[in-house]
Structures are given as structure tokens and as C-alpha cells.
Amino acid sequence: MHELAIVQDLFKLCETNAMKHNATKINKVEIEIGRLSGVEAHYLQSAFDAFKADTICSDAKLIIHSKDITIKCNECGAQSVLLENEFLCPKCGSNSLDVISGEDMYLMRLEME
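These lines cover the structure that appears in this document, whether it is placed above or below. (Residues numbered from 1 in each chain as written. Predicted model: local features only at pLDDT ≥ 70, side-chain atom pairs only at ≥ 80, totals over all residues. Heavy atoms only, no water.)

1. Details of helix H1 (residues 3-20)
The terminal C-alpha atoms of H1 lie 26 Å apart, and with 18 residues this matches the ideal 26 Å at 1.5 Å per residue to within 8%. Among all positions of H1, only Glu3, Ile6, Val7, Leu10, Phe11, Cys14, Asn17 and Ala18 are buried. For H1, the angular spread of the buried residues around the axis is 145°, confining them to a single face. Opposite the buried face of H1, by more than 90 degrees, sit the exposed residues Lys12, Met19 and Lys20. (Helix = DSSP H or I, 4+ residues; strand = E, 2+ residues; numbered from the N terminus. Expected span 1.5 Å × (residues − 1). Buried < 20%, exposed > 50% of the residue type's maximum accessible area, 1.4 Å probe, protein only. Arc of directions from axis to C-beta.)

Right, here's the structure in full:
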């Protein structure tokens, strides 16, 4: 379960940001997870809740947004959102695609005090 390692890194990132802004507590952590990131949102939520005690995020709520897969077709040039993991251009049917977004995980916002 690599989600535990991700949560540990997320706590470190939260602590770093809190120190930069002289905050002593984080109330909300908002992240975006791409569908192709390999991160399972429910496992990440469980790991966050299980290990947030004794961290700056001890009372924080984790908000997870899912990011769809956006592709650009190398044949017709269309940019599309894939609703399923079927890597064919919805416009022309080509499988010559570049993924533009949906592979990463981002820290979007922290609410601190």
C-alpha cells in the first residue's frame, strides 16, 4: 500500500507550508488525484485518517477530487476527456494519443490557522 508513503509525504508538505505561514493547525487538506496516478482514493483516505494523530493535521479533513484523463490525438489534433480507460480518440478512433492530464496528484489547498 504505497498510499501510506504518500500520506507521510503529504504530512511533511503540510508541516512545511504551515511553518512558512506561521500556522499551528491545519483544518482542511484538499488534493486532486488523477485517474491514471495509481493512487486509490479510498486507501489514501483510510491512511490519512489512521495516521493523522500527533501531526499538524490531527483535526484536518481530507478532501479528494478526482481528475479525469485528458488526451490529445496525434492524428486529428482533438483534445478530449476520456470517461473510460479506452485509449482511443473519441473523434477519429486513433490510438495515437498523448495524455495531457490525469496522471498526477496535486496538493490544491490547505486551510490553516
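After that view of the structure, there is still more to cover.
2. Thoughts on the environment of Cys73
With respect to the secondary-structure elements, Cys73 resides in strand S3 (residues 69-73). In this structure the C-alpha to C-alpha distance between Cys73 and Pro90, which are 17 residues apart in sequence, comes to 9.1 Å. Other than its neighbours up to four places away in sequence, Cys73 contacts Ala78, Cys89, Cys92, Ser94, Ser96 and Leu97. (Contact = heavy atoms within 4.5 Å.)

3. Some thoughts on the packing of H1 against helix H2 (residues 41-51)
Closest axis-to-axis distance for the H1/H2 pair is 9 Å, and the angle between their directions is 55°. Comparing the axis directions of H1 and H2 gives the class oblique. In the crossing of H1 with H2, the sense of the turn from one axis to the other is right-handed. Here Glu3, Leu4, Ile6, Val7, Leu10 and Phe11 of H1 come into contact with H2, specifically with Tyr43, Leu44, Ala47, Phe48 and Phe51. (Axes fitted to C-alpha atoms, helices over the stretch in contact; angles between N-to-C directions. Parallel < 35°, antiparallel > 145°, perpendicular 65-115°, else oblique. Left-handed = near helix turned anticlockwise from the far one by under 90°.)

4. Quick word on the pattern of salt bridges
One pass over the structure, following the stated rule, counts four salt bridges. One salt bridge connects Asp59 with Lys25, and the closest N-O pair in it is separated by 3.7 Å. Highlighted residues: Asp59 in the loop between H2 and strand S2 (61-67) and Lys25 in the loop between H1 and strand S1 (26-34), separated in sequence by 34 residues. The exposure class of Asp59 is exposed, given its relative accessible area of 53%. Residue Glu30 pairs with Arg109 through a salt bridge whose shortest N-O separation is 3.0 Å. A residue pair is termed long-range when its members are at least 10 positions apart, and Glu30 in strand S1 and Arg109 in strand S6 (residues 105-112) qualify at 79 residues. (Salt bridge = Lys/Arg side-chain N within 4 Å of Asp/Glu carboxyl O.)

5. Here's the deal with the nonpolar core
Within the largest apolar cluster, 20 residues are counted, with the highest numbers of intra-cluster contacts made by Cys14, Ile26, Val29, Phe48 and Cys57. Breaking this core down by element, the ones donating at least two residues are H1, S1 and H2. In terms of residue count, H1 provides more of this core than any other element does, six residues in total. Not counting the four nearest positions on each side in its chain, Cys14 is found in contact with Ile26, Val29, Ile56, Cys57 and Leu110. One finds Ile71, Ala78, Leu82 and Leu97 within the second-largest nonpolar core, a separate group that totals seven residues. (Core = buried A, V, L, I, M, F, W, Y, C linked by side-chain atoms within 4.5 Å.)

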